Amino acid sequence: MSLRVAVLMDPIESIHVEKDSSFAMLLEAQRRGLELLYLTQGSLAIRAAAPWAHACGLRVRDDASDWFDLDAPHWVDLREVDVILARKDPPVDDQFMYDTMVLELAQNGGALVVNDPRALRDANEKLFALRFPQCIPPTLVARDATEFKRFAAEHERIVLKPLDGMGGRSIFVSARSDPNLNVILETLTDNGRTFAMAQRYLPEIRDGDKRVLLVDGEPVPYALARMPQGDEFRGNLARGGKGVGMPLTERERWIAAQVAPELRARGMIFVGLDVIGGFLTEVNVTSPTCIRELDAQFGLNIAGQLFDAIEARRR
């Protein structure tokens, strides 16, 4: 099957090819002989209520010193594209939301968007996990500092984070006795104007913040445990965490099974679950990572599984 595949992503010249999951998807699409188109946020437009993009033909190669070629840009009606990989990194801000509205017009016109643009709007990566209370640690979402202090008093040690962050940005460990708790809350909530999240601190973070990848609801059999290094409590690879692949535990398979039906129903074909100590902490839908690390450690082809699922949906 020959498909026309567009990718909406951050600037390709800035990626780290050895660990970029979008790049793994592009390599797999090219191996299958599929036509590739490259899009950025600035290339999107709506003409006469139809979705368009100033797109470039793209060719890629697995070479960290020279990994892509682009053709001259030309206007493309996105309704005539078979598949659009929506891989723009957070923040999920107003411009990101507008992008999903352009992509929804493309989807309504017949394109398969991965992941579904409505799901990208609706499934906040922090809040969506709360749909599965049987899977998550004790959690609070609030603006009021008093509520957070009550939560800290109940659980002693807590993790605090914004609802729109990624890569470990602005995540704090605090406690009821922390003299900095007030200023942390003032910063995260903008003095009570913005929601933030608190979760009970999970000491199992020392064993890794595990990324479990799901392809059309089916878990990849290995997770990448992102282990904090040195004096850092965050395991995020962007914060220096070490990625160690591990077979899924029975608990992690159970969590995947709990979440998968809702993901399928919402058109979320490629999703990353974050699991610490057997608890689901986040559901990553915008641009999940860790394909290349797991592929390298276990001889997998996760992007191949993804394109098998995509091609099955396009038949």
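Residues numbered from 1 in each chain as written. Predicted model: local features only at pLDDT ≥ 70, side-chain atom pairs only at ≥ 80, totals over all residues. Heavy atoms only, no water.

## Considering the overall build of the protein chain
Secondary structure summary: the protein chain contains 8 helices and 18 strands in total. The globule rule puts the C-alpha radius of gyration for 315 residues at 20 Å, and the 20 Å found for the protein chain is close to it. Based on the C-alpha atoms only, the size of the protein chain along its principal axes is roughly 60 × 45 × 40 Å. Looking at the 315 residues of the protein chain, the share that counts as buried comes to 52%. Of the roughly 13500 Å² that the protein chain leaves accessible, carbon and sulfur atoms contribute 48%. When the 38 positive and 46 negative side-chain charges of the protein chain are each reduced to one mean point, those points stand 3 Å apart. (Helix = DSSP H or I, 4+ residues; strand = E, 2+ residues; numbered from the N terminus. Rg over C-alpha atoms; globule rule 2.2 N^0.38 Å. Buried < 20%, exposed > 50% of the residue type's maximum accessible area, 1.4 Å probe, protein only. Areas by Shrake-Rupley, 256 points an atom, 1.4 Å probe, with all protein chains shown as cover. Lys, Arg positive; Asp, Glu negative; His and termini not counted. Charge placed at Lys NZ, Arg CZ, Asp CG, Glu CD.)

## Section: the packing of aromatic side chains
Under the defined criterion, the tally for this structure stands at 3 aromatic pairs. Judged by centre distance (6.0 Å) and plane angle (50°), the ring pair of Trp67 and Phe68 falls under tilted. Residue classification places Trp67 among the buried residues on the basis of a relative accessible area of 13%. Look at Phe128 and Phe132: their rings are 5.8 Å apart centre to centre, the planes differ by 70°, and that puts the pair in the edge-to-face class. Just as Phe128 is buried, Phe132 falls in that class too. Seen from the ring of Tyr201, Arg157 lies directly overhead, with NZ or CZ sitting 4.1 Å from the centre. Stacked on the ring of Phe279, the Lys or Arg Arg251 has its end atom at 5.7 Å from the ring centre. (Phe/Tyr/Trp six-rings, centres within 6.5 Å; stacked < 30°, edge-to-face > 60°. Lys NZ or Arg CZ within 6 Å of the ring centre and 35° of its normal.)

## Observations regarding the nonpolar core
Counting residues in hydrophobic clusters, the biggest one holds 42 residues, and the most contacted among them are Leu78, Ile84, Leu273, Leu280 and Val283. It is helix α6 (residues 250–265) that provides the largest number of residues to this core, a total of 5 residues. (Core = buried A, V, L, I, M, F, W, Y, C linked by side-chain atoms within 4.5 Å.)

## Concerning the pattern of salt bridges
Applying the stated rule across the entire model yields 28 salt bridges. The closest approach of N and O atoms between Glu282 and Lys161, which form a salt bridge, is 3.2 Å. With Glu282 in strand β18 (residues 279–284) and Lys161 in strand β10 (residues 157–162), this pair connects stretches of sequence that are 121 residues apart. Taken individually, Glu282 and Lys161 each receive the classification buried, so the pair is uniform in this respect. Linked by salt bridges that have partners in common, Glu28, Arg31, Arg32, Asp308 and Glu311 make up one network. (Salt bridge = Lys/Arg side-chain N within 4 Å of Asp/Glu carboxyl O.)

## Structural notes on the side chain of Asp99
Within the secondary structure, Asp99 sits in helix α2 (residues 94–108). In this structure, Asp99 is buried with no salt-bridge partner, the nearest side chain bearing the opposite charge being Lys88 at 6.7 Å. Every residue in contact with Asp99, bar those within four places of it in the chain, is listed here: Leu8, Gln41 and Leu44. (Contact = heavy atoms within 4.5 Å.)

## Looking at helix α5 (residues 181–189)
Of all the positions in α5, only Leu181, Ile184, Leu185, Leu188 and Thr189 are classed as buried. For α5, the arc enclosing every buried residue in end-on projection is 105°, short of the 170-degree limit, so these residues lie on one face. Those residues of α5 that are buried lie in contact with β9 (139–142), α4 (145–155), β10, β11 (172–175) and β12 (196–200). Looking one or two residues past α5, Asp190 carries a phi angle of roughly 50°, positive in sign. (Arc of directions from axis to C-beta.)

## A look at the packing of helix α1 (residues 21–31) against helix α8 (residues 302–314)
Two elements in contact, α1 and α8, have axes whose closest approach is 9 Å; the angle formed by their N-to-C orientations is 65°. When you trace α1 past α8, the crossing you get is right-handed. Note on element contacts: α8 touches α1 through Ala303, Gly304, Leu306 and Phe307, opposite Ala24, Met25, Glu28 and Ala29. Of the residues assigned to the contact of α1 with α8, the class counts are 6 nonpolar, 1 polar and 1 charged. (Axes fitted to C-alpha atoms, helices over the stretch in contact; angles between N-to-C directions. Left-handed = near helix turned anticlockwise from the far one by under 90°. Nonpolar A, V, L, I, M, F, W, Y, C, P; charged D, E, K, R; others polar.)

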